[in-house]
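Read off the chains here:
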Amino acid sequence: ENDQQVVVVLPGGAFGRGAWLHVRPECIERAVPRGLAKSFKSEVKTTALELRGKIAEAAERRIVGLLSGARGSERIAVGTSATDDEIEAGRARLVVVATDARAAATTAPVQRMIAAGKAVAWADKQRLGNALGRGETGVLAVLDSGIAVALRHAIAMSHINHSLAGADGGPAP
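Residues numbered from 1 in each chain as written. Predicted model: local features only at pLDDT ≥ 70, side-chain atom pairs only at ≥ 80, totals over all residues. Heavy atoms only, no water.

Student: Please explain the overall build of the protein chain as it appears in this structure.
Tutor: What the protein chain contains, in helices and strands, is eight helices and four strands. Start at the N end of the protein chain and walk to the C end: the helices and strands fall as α-α-β-α-β-α-α-β-α-β-α-α. Per-residue burial over the protein chain gives 39% buried out of 173 residues. About 10000 Å² of surface is accessible on the protein chain, with carbon and sulfur atoms providing 50% of the total. (Helix = DSSP H or I, 4+ residues; strand = E, 2+ residues; numbered from the N terminus. Buried < 20%, exposed > 50% of the residue type's maximum accessible area, 1.4 Å probe, protein only. Areas by Shrake-Rupley, 256 points an atom, 1.4 Å probe, with all protein chains shown as cover.)

Written as structure tokens, this is what we have:
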């Protein structure tokens, strides 16, 4: 028996046969029983819930890669003071706030970015810090427009299990 599995790769390329999928509830629900099997010309053994989990995992890997690359190329400012300074200077394109970083989210500059729709929440302080190769981090400013767009998209995809909760009739996680 040929044991094949679905592997989710976000934009950036991968080898092998692929299929494009919109990350919308109706597209995921239709893809599992029909669309993926048709694209791969083979039976696909997965569920919508498993597929959402794989999409979220791929998005998490992409976020960590983007943050690591941005730090290495000095295209982010890390910490409350540095983030506020970059916002005030007009260089911040996106602000990422850890979900448990209440104090970092309440500074006036960060509040302006939130109000302008230029802020996203992702992970907790420990995980955000780990992605940057440092200790706990509550907030950072992305200084590059391209990285900001890619990061916003990946973070939205990482929340797929929450945004689609109950789409398959199951309980919300």
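Student: What is the right way to read helix α7 (residues 145–158) from this model?
Tutor: Working note: α-helix, 3.6 residues per turn, so residues spaced by three or four point in the same direction. With 14 residues, α7 should cover 20 Å at 1.5 Å per step; its first-to-last C-alpha distance of 20 Å lies within 8% of that length. Among the residues of α7, the N-terminal cap falls to D144, whose side-chain oxygen and the backbone nitrogen of G146 are separated by 3.0 Å. (Expected span 1.5 Å × (residues − 1). Polar contact = N/O pair within 3.5 Å; in protein donor to acceptor, adjacent residues only side chain to side chain.)

Student: Help me understand the nonpolar core in this model?
Tutor: Core analysis: the largest hydrophobic core is formed by 35 residues, its most contacted members being L67, V96, W122, L140, V142 and L151. Broken down by secondary-structure element, the contributors of at least two residues to this core are α2 (48–72), β1 (76–78), β2 (94–97), α4 (102–105), α5 (108–115), α6 (125–131), β4 (139–142) and α7. The element that contributes the greatest number of residues to this core is α7, accounting for six residues. Formed by 12 residues, the second largest nonpolar core is a distinct cluster that contains I28, A48, A56 and A59. (Core = buried A, V, L, I, M, F, W, Y, C linked by side-chain atoms within 4.5 Å.)

Student: What's the story with α2 in this structure? I'm lost.
Tutor: End to end, α2 covers 36 Å across 25 residues, agreeing with the expected 36 Å (1.5 Å per residue, within 8%). Directly after α2, the chain includes E74, whose backbone phi takes a positive value near 55°.

Student: Before we go on, may I ask you to explain the packing of helix α3 (residues 80–88) against α5 in this structure?
Tutor: For any two helices packed against each other, one specifies the inter-axial angle together with the distance between the axes. The interhelical angle for the contact between α3 and α5, taken along N-to-C directions, is 60°, at an axis separation of 8 Å. By the criterion of interaxial angle, the relationship of α3 to α5 is oblique. For α3 against α5, the interelement crossing comes out left-handed. Together, T83, D84, I87 and E88 of α3 and P109, V110, R112 and M113 of α5 make up the contact between the two elements. In terms of residue class, the contact of α3 with α5 is made up of four nonpolar, one polar and three charged. (Axes fitted to C-alpha atoms, helices over the stretch in contact; angles between N-to-C directions. Parallel < 35°, antiparallel > 145°, perpendicular 65-115°, else oblique. Left-handed = near helix turned anticlockwise from the far one by under 90°. Contact = heavy atoms within 4.5 Å. Nonpolar A, V, L, I, M, F, W, Y, C, P; charged D, E, K, R; others polar.)

Student: Would you mind showing me how to read the packing of α2 against α7 here?
Tutor: Closest axis-to-axis distance for the α2/α7 pair is 8 Å, and the angle between their directions is 150°. The orientation of α2 relative to α7 falls into the category roughly antiparallel. Seen along the crossing, α2 lies across α7 with a hand that is left-handed. Of the residues in α7, those in contact with I55, A56, A59, E60, R62, I63, L66, L67 and A70 of α2 are I147, A150, L151, A154, I155, M157 and S158. Split into classes, the residues belonging to the contact of α2 with α7 amount to 13 nonpolar, one polar and two charged.

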